[in-house]
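# Examining the three-dimensional arrangement
Single-letter residue listing:
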Amino acid sequence: MNSLFKYFPHTEEDLQEMLAACGVSSLDELYSDVPDSIRFKGDYELPDALSEHELRRQFDKMQSLNIPLTCFAGGGIYDHYAPSVVKNLVQRSEFLTSYTPYQAEISQGTLHYIFEFQSMMAELTGMDISNASMYDGATATAEAAMMSVAAAKKANCVLISDTVDPKTIRVVETYAKYHGFELQRIAAKDGVTDKDSLQARLQEGGVAGVIVQMPNYFGIVEDFTGIAEMVHEQKALLTINSIASDLAMLRTPGEWDADIAVGDGQSLGIPMSMGGPGVGYMCCTEKLIRKMPGRIVGMTKDNRGQRAFVLTLQAREQHIRRQKATSNICSNQSLMALYVTIYLAVMGKQGLKEVAEKSFAGAHYLCDELVKTGKFKLTYDQPFFNEFCLTYDGDVDQMRKACEEEGFLAGIKIDKNKVMFAVTEKNTASDMDKMVEVIKSIKE
């Protein structure tokens, strides 16, 4: 056996046999094409080997450096609770190691849960069709912009509201630059999309699609009444980006007559995990089904009349010629789609609604308590859901640092004196009261 690395399975005889198959006699000869000038000849800066017990103590020591905070921050990633059964099921080996279900006959389990994910997301968004799935909400939004251009006959411009998450806008801008379509911003007014500006730009023509967000980046629940009509009047497509869990209470993209619904499913119980992974969702009307990127799993019957699942559409470059592909999206985030599927199945419609109600009620309670301190005022006089933007009369950095020292992550700084707070069902009234008391005690 290899004496240096005992965990390597290859014996010296194995190595010689493999080298002989390559037509060389040694590892040095195998790498002879690599110039000597760029070869590393020093010693690797690696620590000494540790026993399992020593290694566990080392990791425990490193973990102790992390300071857990009660989270009142959002901005696209939310601290929701997930029942323990979700993690236990999703970590089963047959799920954790599975990959793309190319062979339907041996991938029925994977195809089944993807089908269920599609069904649940289509119902949650109020749309006809769902794919499975996208990397995250930002790239799903960019893919929706590309879909809009692909569906248009001549138009090559997509409009995006300034109330969309800036991180998402930057991703769409990158796609626009390298995919050759134009992206224009629609101004915000009082924290919401300026409908007059949108109407004026639509009437100039050449617009393939419009992208808005619900709730928007500032947490505001915008009134999209009339937007679908003005967009469709100009033969353009309307895309609505939504926080998935909020759709349990808010009007769905389908009810707003959107053509495409996109967003991130992280809010459906997926851990924050330092910002990822999430899972993007994309749903659309039936007439746009062949313009969707990714894949769509369908249900049929086999030759014995039994239910079977198949890849109905898979218009990706891995399956067809690159120039014919609707997108180069190369993974369906299947494991995260499974996570969301189990979460939704366990929570049920009522559970999802209760999560949304508690988040909504908590956010309004915290907002009122912060405003009562006299140090904050609501930045926009608009309805909000579980996230809201406040203007702070003081040093935002100092305020957040004081809260952090007491165990609270006090929102996200989005401007010099503006901070955005988010509340989920995990935040108790006691948590909120304690953080408010910390802020009250700050001496400017």
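Small disclaimer: the values here were computed from a predicted structure and weren't measured. (Residues numbered from 1 in each chain as written. Predicted model: local features only at pLDDT ≥ 70, side-chain atom pairs only at ≥ 80, totals over all residues. Heavy atoms only, no water.)

Before going further, it helps to examine the overall build of the protein chain. Secondary structure summary: the protein chain contains 13 helices and 17 strands in total. Principal-axis analysis of the C-alpha atoms gives the protein chain an extent of 75 × 60 × 55 Å. For the protein chain, buried positions account for 46% of its 444 residues. In the protein chain, the proportion of contacts linking residues at least 24 apart, taken out of those at least 6 apart, comes to 67%. A total of about 23,700 Å² of accessible surface is found on the protein chain, and carbon and sulfur atoms cover 52% of it. Here the protein chain carries 45 positive and 60 negative side-chain charges, and the mean point of each set is 4 Å from the other. (Helix = DSSP H or I, 4+ residues; strand = E, 2+ residues; numbered from the N terminus. Buried < 20%, exposed > 50% of the residue type's maximum accessible area, 1.4 Å probe, protein only. Contact = heavy atoms within 4.5 Å. Areas by Shrake-Rupley, 256 points an atom, 1.4 Å probe, with all protein chains shown as cover. Lys, Arg positive; Asp, Glu negative; His and termini not counted. Charge placed at Lys NZ, Arg CZ, Asp CG, Glu CD.)

Before going further, it helps to examine the nonpolar core. Formed by 34 residues in total, the largest nonpolar core has its most connected members in Met 121, Leu 268, Val 340 and Tyr 343. Those elements giving two or more residues to this core turn out to be α4 (84-90), α6 (108-125), β10 (280-284), β12 (307-313) and α11 (334-372). For this core, the element with the highest residue contribution is α11, accounting for 11 residues. Contact partners of Met 121, with chain neighbours within four places excluded, come to Ser 130, Leu 268, Tyr 281, Cys 283, Val 340 and Leu 344. (Core = buried A, V, L, I, M, F, W, Y, C linked by side-chain atoms within 4.5 Å.)

With respect to topology, 4 strands assemble into an open sheet ordered β13-β14-β17-β16, the strand pairing being antiparallel. Two strands bound the open sheet, and with one partner strand each, they are β13 (376-378) and β16 (412-415). Put simply, the sheet's adjacent strands are angled 40 degrees from each other on average, direction ignored. (Pairing = 2+ DSSP bridges. Axes fitted to C-alpha atoms, helices over the stretch in contact; angles between N-to-C directions.)

Here we come to the packing of aromatic side chains. Applying the stated criterion across every chain yields a total of 11 aromatic pairs. Consider the rings of Phe 376 and Tyr 392, whose centres lie 4.8 Å apart with planes at 45 degrees: the pair is tilted. Taken together, the positions of Phe 376 in strand β13 and Tyr 392 in strand β14 (residues 387-392) put the pair 16 residues apart, joining distant regions of the chain. Aromatic rings pair up to connect Phe 376, Phe 384, Phe 388, Tyr 392 and Phe 421 into one cluster. Of note, Arg 251 hangs over the ring of Trp 256, and the distance from its end group to the ring centre comes to 3.8 Å. (Phe/Tyr/Trp six-rings, centres within 6.5 Å; stacked < 30°, edge-to-face > 60°. Lys NZ or Arg CZ within 6 Å of the ring centre and 35° of its normal.)

Bringing the packing of α6 against α11 into the picture now. To describe two helices that pack against each other, one gives the angle between their axes and the distance between the axes. Where α6 contacts α11, the two axes come as close as 9 Å, and the packing angle between them is 50 degrees. Overall, the two elements α6 and α11 adopt an arrangement that is oblique. The handedness of the crossing between α6 and α11 is left-handed. Touching Thr 110, Tyr 113, Ile 114, Glu 116, Phe 117, Met 120, Met 121, Glu 123 and Leu 124 of α6 are Ser 334, Leu 335, Ala 337, Leu 338, Val 340, Thr 341, Leu 344, Ala 345, Lys 349 and Leu 352, all from α11. (Parallel < 35°, antiparallel > 145°, perpendicular 65-115°, else oblique. Left-handed = near helix turned anticlockwise from the far one by under 90°.)

Right, let's get into helix α8 (residues 166-179). Taking 1.5 Å per residue as the helical rise, α8 with its 14 residues ought to reach 20 Å, and the 20 Å between its terminal C-alpha atoms agrees with that figure. Three or more residues of α8 are buried, namely Thr 168, Ile 169, Val 172, Tyr 175 and Ala 176. Seen from one end, α8 has its buried residues packed into an arc of 120 degrees, which puts them on one side. Residues of α8 that are exposed and angled more than 90 degrees away from the buried face: Lys 177 and Tyr 178. Buried residues belonging to α8 abut α7 (137-151), β3 (157-161), β4 (182-186) and β8 (237-243). The backbone nitrogen of Lys 167 lies 2.9 Å from a side-chain oxygen of the residue at the head of α8, namely Asp 165. Phi turns positive one or two residues past the end of α8, at Gly 180, with a value near 75 degrees. (Expected span 1.5 Å × (residues − 1). Arc of directions from axis to C-beta. Polar contact = N/O pair within 3.5 Å; in protein donor to acceptor, adjacent residues only side chain to side chain.)

Sheet topology note: the β3/β4 ladder contains 5 bridges and is parallel. The residue bridging Cys 157 from the neighbouring strand is Glu 182, located in β4. In terms of handedness, the path from β3 via α8 over to β4 forms a crossover that is right-handed. (Right-handed = clockwise from strand over helix to strand, strands pointing away.)

For β14, the buried fraction is high: 6 of the 6 residues fall into the buried class. Pairing analysis gives 3 bridges linking β13 to β14, with the strands arranged antiparallel. Note that in β14 the partner of Phe 376 across the bridge is Tyr 392. Across 5 bridges, β14 lies against strand β17 (residues 418-422) in antiparallel orientation. Note that in β17 the partner of Leu 390 across the bridge is Val 419.

No statement about biological role is implied by the geometric values presented.
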